[in-house]
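What follows is the residue order along each chain.
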Amino acid sequence: MRFLLTGLIWIVFVGGLWGYTTQRDASLPQGPAQPAAPKVLTGSYVLEITPSFSIEKDPFALALDDDASQTPGLEIRLNGRLVEVDAEQIKRGRVIRITKNIELSQGFNEFYVKASPPMAETDLDHGLRVRLLARGGPVVDQTVWGSSGSVVAGTVSFSLAAHKEEVHD
Amino acid sequence: MNFLFKKYALLFFLLIFNLIILSTGFTGATELKKPVIVASTTQIADFARQVAGDQALVKSILAPGADPHTYNVTPDDVQIVLGADLCIENGLHLEGKNWMSTLAKDAQKPLITATDGIQALSISQGGQPIPDPHAWFSPKNVAVYVNNITRGIIALDPGNKALYRARAKLFLQQLRVLDAWIREQINVISPQQRILVTTHDAFNYFCREYRLNEQNDFLSIAPVGWSTGAEVGAGITPKRRRKVIESIKASGAPAIFVETTINPKQIREIAKETGVKIGGALYSDSMGPKGSAAETYIGMMRENTLLIVNSLK
């Protein structure tokens, strides 16, 4: 009888405590509201990258097993996502045209580019020209520079307004 | 009645005790045990620390100033390796008689050879070609070290992969800047003056990378052989000493350098006979002690470069 009584008291107290903490946690704020996903713009966009130098494999690159798929020496990201580049196209002064997977958003967008110049050219400055074209006209045209042979890396930011026939939810 | 009262009181207090335990719910954060990484040399320990950060505890078997070629393992070292989750050696027989791989094997610990994939320079010992183990004197080679070490640490602790990758990238960029800075500094010395003579030919990779000692195929010039072990006990013979003095005089070196891990007495005597100044003590097989300017790899390379440039220009 005593054991039953002890068990019953234990269940009442512990159960009550559990119920209280559950109800208390449920009434807490759920965290910040998630920002609305940006509206993706479709349409015909072309990204052009023009290096002023021959891009070489960077001896100081992180080259683990899962880095093998990336184009050696050249990295392009659009809004954080990697954009694939055909390594055959990469030559000094040659325009690299990319038309696939150019997913731009309404509002703020950003390209990140990084390329390593030849190690023998430590006395030269190098540039990467970044152009985004829409319906044949330039949306953005900037050059990212690296001095004295350093890695050429930088971001190109721009804003895009939605066109009526291009807005997707 | 008293007995019953005491019994119920005991039960009541036990119940309250249970409630207290349950209400705390073990809310204190449980301290997870950090992985332990044990490196053979101070340089490799530094590389591992740069990658692992606060996620792991990194130890070095060798203390600053110790010589990896002639080091004898102690019982304390065995205990350290027994507590390791990962061991890292330089390889290329830097660790005399492969003491680090033996320690790891005996303790059944995973071992990474940091120099895997490096194109080693070849040097001669007793007429036989052997790989030069001092590969860290080229920052480009250190990039290979860092990649190997990062791979190993990620395999040990895949949950923190993103952190290890991010730190490795930062350190690799620092190595690139270091490489460019060294080139800029060496460029101040006229090509005819770029002659590096040291007590121990640990600087082959440095000479090859930054184009010193053209007359010696861009390899370091050292009077006492590739390994400190070659001279232990035997000492330098008079015939060889004469050859060394003649070669230093013939090289036209404005200065010669001792190393922090080598007994400098011999080289000081030779310097006196050749009339060449002693440029200073270079860090070679080991970085500097804690608190010194050379307690990190970048610090070591910086101080070595400044000493060389200021003595030769």
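Within every chain, residues take consecutive numbers counted from 1 along the sequence as written. All chains are assigned letters beginning with A, and all ligands numbers beginning with 1, in the order in which they are written. Totals for whole chains, interfaces and linings use every residue, but because this is a predicted model, local features are given only for residues with pLDDT of at least 70 and side-chain atom pairs only at 80 or more, for both listing and counting. With hydrogens and water stripped out, all remaining heavy atoms of the structure feed into the side-chain values.

(A) Local environment of the sheet that holds strand β5 (residues 96-98) of chain A. Residue and element names in this part refer to chain A. In this scheme, strands are said to pair when DSSP sees at least two bridges between them. Working definition: helices are DSSP H or I runs of at least four residues, strands are E runs of at least two. Numbering for both runs from the N terminus. Here we have four strands laid out as an open sheet, ordered β5-β2-β8-β9, and antiparallel in their pairing. The sheet terminates laterally at β5 and β9 (137-146), the two strands that pair on one side only. Each adjacent strand pair in this sheet contributes to an overall mean axis angle of 15°, direction not counted. Two elements, strand β2 (residues 45-51) and strand β8 (residues 126-134), share seven bridges in a ladder whose sense is antiparallel. Bridged to Thr50 within β8 is Arg129. Lines fitted to C-alpha atoms define the axes, with helix axes restricted to the stretch in contact, and inter-axis angles between N-to-C directions lie between 0 and 180 degrees.

(B) Representation of the interface of chain A and chain B within the structure. By definition, residues are in contact when any of their heavy atoms lie within 4.5 Å. Of the residues lining the interface, 25 residues belong to chain A; the matching set on chain B comes to 25 residues. Here, a salt bridge means any Lys or Arg side-chain nitrogen found within 4 Å of an Asp or Glu carboxyl oxygen. Connecting chain A to chain B are one salt bridge. A salt bridge links Asp58 of chain A to Arg176 of chain B; its shortest N-O distance comes to 2.6 Å. As used in this structure description, the phrase polar contact means that two N or O atoms lie within 3.5 Å; if the pair is within protein, one of them must be able to donate a hydrogen and the other to accept it, and residues adjacent in sequence are counted only when both atoms belong to side chains. Run the count over chain A and chain B and you get five residue pairs in polar contact (both at pLDDT 80 or more). Looking at the side of chain A that touches chain B residue by residue, the classes come out as 15 nonpolar, five polar and five charged. Asp, Glu, Lys and Arg are counted as charged, while Ala, Val, Leu, Ile, Met, Phe, Trp, Tyr, Cys and Pro are counted as nonpolar; the rest, among them Gly, fall into the polar class.

(C) Highlighting the environment of Leu121 of chain B. Residue and element names in this part refer to chain B. Mapped onto the secondary structure, Leu121 falls in the loop between β4 (111-113) and β5 (122-125). Sequence spacing of Leu121 and His134 is 13 residues, and the spatial spacing of their C-alpha atoms is 9.2 Å. With near-sequence residues (within four places) excluded, Leu121 lies in contact with Ile130, Pro131, Asp132, Asn204, Tyr205, Arg208 and Leu219.

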